[in-house]
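What follows is the residue order along each chain.
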Amino acid sequence: MISRFILGRVAQGLVVLIFVSVISFAIINAAPGDPALALFGGQAQRLTSAERIRINNTFGVDKSITERYLKWAGQMLKGDLGVSYREGRKVIDILRERLPHTLILFSSSMILIIVFSILLGIKGGLHEASFWDKGLSVASIIFSSIPAFWLGILGILVFSVYFHILPSSGTESLREGGDFADRLKHLILPTIVMASAHIGLYARFIQEKIKEENKLYYVQVARANGMEERYLVKGILKNAIVPYINYLGITIPGFFGGSIVIESVFSWAGLGQLSVKATLTRDYPVLMGCIMLAGIIVVTSLLITDILSLLVNPKLRRQVAK
C-alpha cells in the first residue's frame, strides 16, 4: 500500500508537470516577439519580410500553437528540449551547465534553514515568554518583511564593498581558476542571504508547534512524574517535526521561485539567472526548459517530503497501509 501511495504521488506530479507545460507554453507563445528578435535584437527591424518568414519557418514558429506544443512535448519525452534561439545550442546542454549551480545554492540554503530553524524553534518554543521566544518572533517578522534583493544588496555592500571579505558576484573567480575554496567563497554570501530571508518563518512555525505540543496533557503528566527533560524534548520534537516537514514541502515551490531574485542579484550562473536572461532576449525554448526543469525539481522535492513524512509519522503509515 505504501508503494501505491508513492506511485500515486508520482502520478500527481506528472499531471502537475503536464498542466504547467501547457499553461507555460501557451503564455510564452502568446507573448509578442519571434526568433528574429532573439537572433538579431535591435537589428531585427532591418530584416526583410522574406527573411523573417524564413527564420520563423526554420524554428517552426509559423505553425499553430497546438502543432508546436505537440512537437515540443514529443521531443521533450525523448530528452530534446529544442535549440536556443540566441545561442544556437541545444537547450539540454545549456541547462546541464546551469543546473549544478542552482542545486548547490538550493541545497546549501535548505541545509542552513532546516538546521537553524529547528535549533531556534526548539529554544524559543520550550522557553515561552522568554527572550528567545519574543526575540525569535520579532526577528522572523523583520526578516520576512525585508525583500530578498535588498538583503542581497546590503550583503554585497557590507561584505564585498566595505570589508572585501567575500566576492560580490559570479560562481568563481577568473584569476583563481575556480578551485574549491574559490567557489565556496562565492557560495557563502548568496546562501546566507537566501537562508536569512527564510529561517525566521520556518523557525517561527516549529516554535509554535513545540509550544502547542508542550502544553498537551501527556507532556504535563510525564513532567510531573519526573521524566528527564531531554526525553521530553525528544518526544515533543518528534511530534512537532511532522507538520514542519509538511510545511517545508508546501513552501518549497515559493522558496525555489525566490532563488531567481538571489541568482540575479549575485549573477549566480543558475537556472534563475538563465530564465531571466531568456525572458529578456525572448529565447523561448530556453525559458520553457528552465520552467520544466524547475517544475521537476519542485515535484521531486515534494515527493521526498512525502516520503520523509511517512518515515517519521507512524499514524500516516497506518493510514496509508489500510
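Small disclaimer: the values here were computed from a predicted structure and weren't measured. (Residues numbered from 1 in each chain as written. Predicted model: local features only at pLDDT ≥ 70, side-chain atom pairs only at ≥ 80, totals over all residues. Heavy atoms only, no water.)

Chemist: Please give an account of the pattern of salt bridges that cites residues and values.
Modeler: Scanning the model with the defined rule gives 12 salt bridges in all. Between Asp 306 and Arg 9 there is a salt bridge, with the nearest N and O atoms lying 3.2 Å from each other. Remark: Arg 9 occurs in helix 1 (residues 2-30) and Asp 306 occurs in helix 12 (residues 284-312); sequence separation between them is 297 residues. Among the ionic pairs, Glu 208 bridges to Lys 211, the shortest N-O distance being 3.5 Å. Placement of the pair is Glu 208 and Lys 211 together in helix 8 (residues 180-214), with a separation of 3 residues, close to one helical turn. A relative accessible area of 27% places Glu 208 in the partly exposed class. The structure contains a network of salt bridges with shared partners spanning Asp 133, Arg 204, Glu 208 and Lys 211. (Salt bridge = Lys/Arg side-chain N within 4 Å of Asp/Glu carboxyl O. Helix = DSSP H or I, 4+ residues; strand = E, 2+ residues; numbered from the N terminus. Buried < 20%, exposed > 50% of the residue type's maximum accessible area, 1.4 Å probe, protein only.)

Chemist: I'd like a rundown of the nonpolar core, residues and numbers included.
Modeler: Trp 72, Leu 95, Ile 113, Ile 241, Phe 255 and Val 286 are the most contacted members of the largest nonpolar core, which totals 60 residues. Leu 95 has contacts with Leu 81, Leu 271, Leu 274, Gly 289, Cys 290 and Leu 293, leaving out every residue within four places of it along the chain. (Core = buried A, V, L, I, M, F, W, Y, C linked by side-chain atoms within 4.5 Å. Contact = heavy atoms within 4.5 Å.)

Chemist: I'd love a proper account of the packing of helix 9 (residues 217-224) against helix 10 (residues 229-265), names of residues and values included.
Modeler: For any two helices packed against each other, one specifies the inter-axial angle together with the distance between the axes. One can describe the packing of helix 9 onto helix 10 by two numbers: an axis separation of 10 Å at closest approach and a directional angle of 170°. Here helix 10 runs roughly antiparallel to helix 9, going by the angle between their axes. Contacts between helix 9 and helix 10 involve Tyr 218, Val 219, Ala 222 and Arg 223 from the former and Glu 229, Leu 232, Gly 235, Ile 236 and Asn 239 from the latter. Class assignment for the residues of the contact of helix 9 with helix 10 results in 5 nonpolar, 2 polar and 2 charged. (Axes fitted to C-alpha atoms, helices over the stretch in contact; angles between N-to-C directions. Parallel < 35°, antiparallel > 145°, perpendicular 65-115°, else oblique. Nonpolar A, V, L, I, M, F, W, Y, C, P; charged D, E, K, R; others polar.)

Chemist: Tell me what's going on with the packing of helix 5 (residues 91-126) against helix 12, and back it up with residues and numbers.
Modeler: The interhelical angle for the contact between helix 5 and helix 12, taken along N-to-C directions, is 40°, at an axis separation of 11 Å. On the basis of their axis angle, the class for helix 5 and helix 12 is oblique. Of the two possible hands of crossing, helix 5 and helix 12 adopt the one that is right-handed. Taken together, the residues of helix 12 that come into contact with helix 5 (itself represented by Val 91, Ile 94, Leu 95, Leu 99, Leu 103 and Phe 106) are Pro 285, Val 286, Gly 289, Cys 290, Leu 293, Ile 297 and Ser 301. For the contact of helix 5 with helix 12, the residue count by class is 11 nonpolar, 2 polar and no charged. (Left-handed = near helix turned anticlockwise from the far one by under 90°.)

Chemist: Residues and numbers for helix 6 (residues 131-145), please.
Modeler: Counting along an α-helix, one turn takes 3.6 residues, and residues three or four places apart therefore face a common direction. Compared with the 21 Å implied by 1.5 Å per residue over 15 residues, the 21 Å span of helix 6 between its first and last C-alpha is a close match. Those residues of helix 6 not exposed but buried are Asp 133, Leu 136, Ser 137 and Ser 140. Within helix 6, the buried residues cover an arc of 100° as seen down the axis, which keeps them to one side. Among the exposed residues of helix 6, those oriented more than 90 degrees off its buried face are Phe 131, Lys 134 and Ser 145. On its buried face, helix 6 is in contact with helix 5 and helix 8. (Expected span 1.5 Å × (residues − 1). Arc of directions from axis to C-beta.)

Chemist: Can you break down empty space enclosed by the protein residue by residue, with the values?
Modeler: By the definition in use, this model includes 1 cavity of 30 Å³ or more. Each pocket or cavity is described by its volume, and for the largest cavity that value is around 60 Å³. Lining the largest cavity, in full, are Arg 86, Glu 87, Leu 274, Lys 277, Ala 278, Thr 281, Asp 283 and Val 286. Ranked by the residues each element gives to the lining of the largest cavity, the list is headed by helix 11 (residues 271-280), at 3 residues. (1 Å grid on protein atoms, 1.4 Å probe; cavity = no way out; pocket = protein on both sides within 12 Å on 5 of 7 lines; lining within 4 Å. Points joined across faces, edges and corners; volume = space filled by probe spheres on them.)

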